[in-house]
Amino acid sequence: AVVPTRGGTPADPSSDGMGNIKLIEAAAAKGVKRFVLVTSIGTGDSKDAPPAQVYDVLKPVLLEKEKAEERLKELSDKMEFVIVRPGGLKSEPKTDNGVLTKDTSVCGPIHREDVASLVCKCLFSPNSANQVYSAVDKEQTQAAASYETVEL
């Protein structure tokens with residue numbers, strides 16, 4: 001399995017796009033069985049989840065992450081994929097409040113250690129194959145309505 005967590009900046013988002021695409025293609029060529037890609041809420045069909053001003057600042061990065069997600073999905077006949085889209089990353093110790101959801105409207109922060117725990121669950125759960133999840137701290141979401149979480 002491959003689990004890259006690389007990330008660029010709005011000034012240079014190339015690692016989010018081409019950097020990840022090169023990893024994805026190399027993994028597929030080498031026969032990797034599963035690829036877990038960590039991107040971001042605001043990517044792909046979750047574009048409308050973050051506030052507009054946040055999306056505008058991160059747009060160069062989010063568009064590159066979307067290219068990587070699309071390439072990974074294109075290669076799903078060669079390897080299983082899981083895409084985890086965390087909200088705003090916090091560096092404080094984990095809270096164990098991190099949850100996964102398929103709801104693309106959810107937005108909110110999550111601690112990096114909680115993202116790591118969720119990624120590990122995705123890595124080893126057969127139920128996560130070829131799925132896309134948003135990852136947030138259930139106590140800090142910005143969703144207007146309730147949302148359903150996914151247990152792995």
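Structure: see above.
Throughout what follows, the structure given in this document is the object of discussion. (Residues numbered from 1 in each chain as written. Predicted model: local features only at pLDDT ≥ 70, side-chain atom pairs only at ≥ 80, totals over all residues. Heavy atoms only, no water.)

1. Observations concerning helix α1 (residues 15–30)
Reasoning step 1: Residues of α1 that are buried include every one of S15, D16, G17, G19, N20, I21, I24, A27 and A28, and no others.
Reasoning step 2: Along its buried surface, α1 packs onto β1 (34–38) and α2 (52–74).
Reasoning step 3: Residue G31 follows α1 closely and has a positive phi angle near 85 degrees. (Buried < 20%, exposed > 50% of the residue type's maximum accessible area, 1.4 Å probe, protein only. Helix = DSSP H or I, 4+ residues; strand = E, 2+ residues; numbered from the N terminus. Contact = heavy atoms within 4.5 Å.)

2. Brief notes about the side chain of T43
Reasoning step 1: Checked against the element boundaries, T43 lands in the loop between β1 and α2.
Reasoning step 2: Since its relative accessible area comes to 0%, T43 is described here as buried.
Reasoning step 3: Polar contacts involving the side chain of T43 include one to the main-chain carbonyl oxygen of S40, which spans 2.9 Å.
Reasoning step 4: The residues touching T43, leaving out its near neighbours within four places in the chain, are L62, K65, E66, E69 and R85. (Polar contact = N/O pair within 3.5 Å; in protein donor to acceptor, adjacent residues only side chain to side chain.)

3. A closer look at the layout of surface pockets
Reasoning step 1: Of the voids in this model, the largest pocket is the one considered here, and its volume is about 560 Å³.
Reasoning step 2: In terms of lining, the largest pocket is formed by 30 residues, of which the most central are T39, S40, P86, G87 and L89.
Reasoning step 3: Listing elements by their share of the lining of the largest pocket, those giving two or more residues are α2 and α3 (112–124).
Reasoning step 4: Among the elements that make up the lining of the largest pocket, the one with the highest residue count is α2 (five residues).
Reasoning step 5: Partitioning the lining of the largest pocket into residue classes produces 16 nonpolar, ten polar and four charged. (1 Å grid on protein atoms, 1.4 Å probe; cavity = no way out; pocket = protein on both sides within 12 Å on 5 of 7 lines; lining within 4 Å. Points joined across faces, edges and corners; volume = space filled by probe spheres on them. Nonpolar A, V, L, I, M, F, W, Y, C, P; charged D, E, K, R; others polar.)

4. Here we look at a nonpolar patch on the surface
Reasoning step 1: Side chains of V54, V57 and L58 sit close together on the surface and give an oily, nonpolar patch of about 220 Å² of accessible area.
Reasoning step 2: Given a relative accessible area of 34%, V54 falls into the partly exposed group. (Patch = residues over 30% accessible without salt bridge, like charges linked within 9 Å, V, L, I, M, F, W, Y side chains within 5 Å. Areas by Shrake-Rupley, 256 points an atom, 1.4 Å probe, with all protein chains shown as cover. Salt bridge = Lys/Arg side-chain N within 4 Å of Asp/Glu carboxyl O.)

5. So, the pairing of strand β4 (residues 98–101)
Reasoning step 1: Both faces of β4 are covered, namely the face carrying G98 and L100 and the face carrying V99 and T101.
Reasoning step 2: As judged from the four bridges shared by β4 and strand β6 (residues 131–137), these two strands associate in the antiparallel manner. Bridging across to β6, T101 finds its partner in S134.
Reasoning step 3: The sheet contact formed by β4 and strand β7 (residues 149–150) spans two bridges and is antiparallel. Note that in β7 the partner of T101 across the bridge is T149. (Pairing = 2+ DSSP bridges.)

6. Describing the pattern of salt bridges
Reasoning step 1: Under the counting rule described, the total for this entry stands at nine salt bridges.
Reasoning step 2: Across the salt bridge formed by E74 and R71, the nearest N and O atoms sit 2.9 Å from each other. With a gap of three residues between them, E74 and R71 both fall in helix α2, about one helical turn apart.
Reasoning step 3: Here R71 falls in the partly exposed class, since its relative accessible area comes to 25%.

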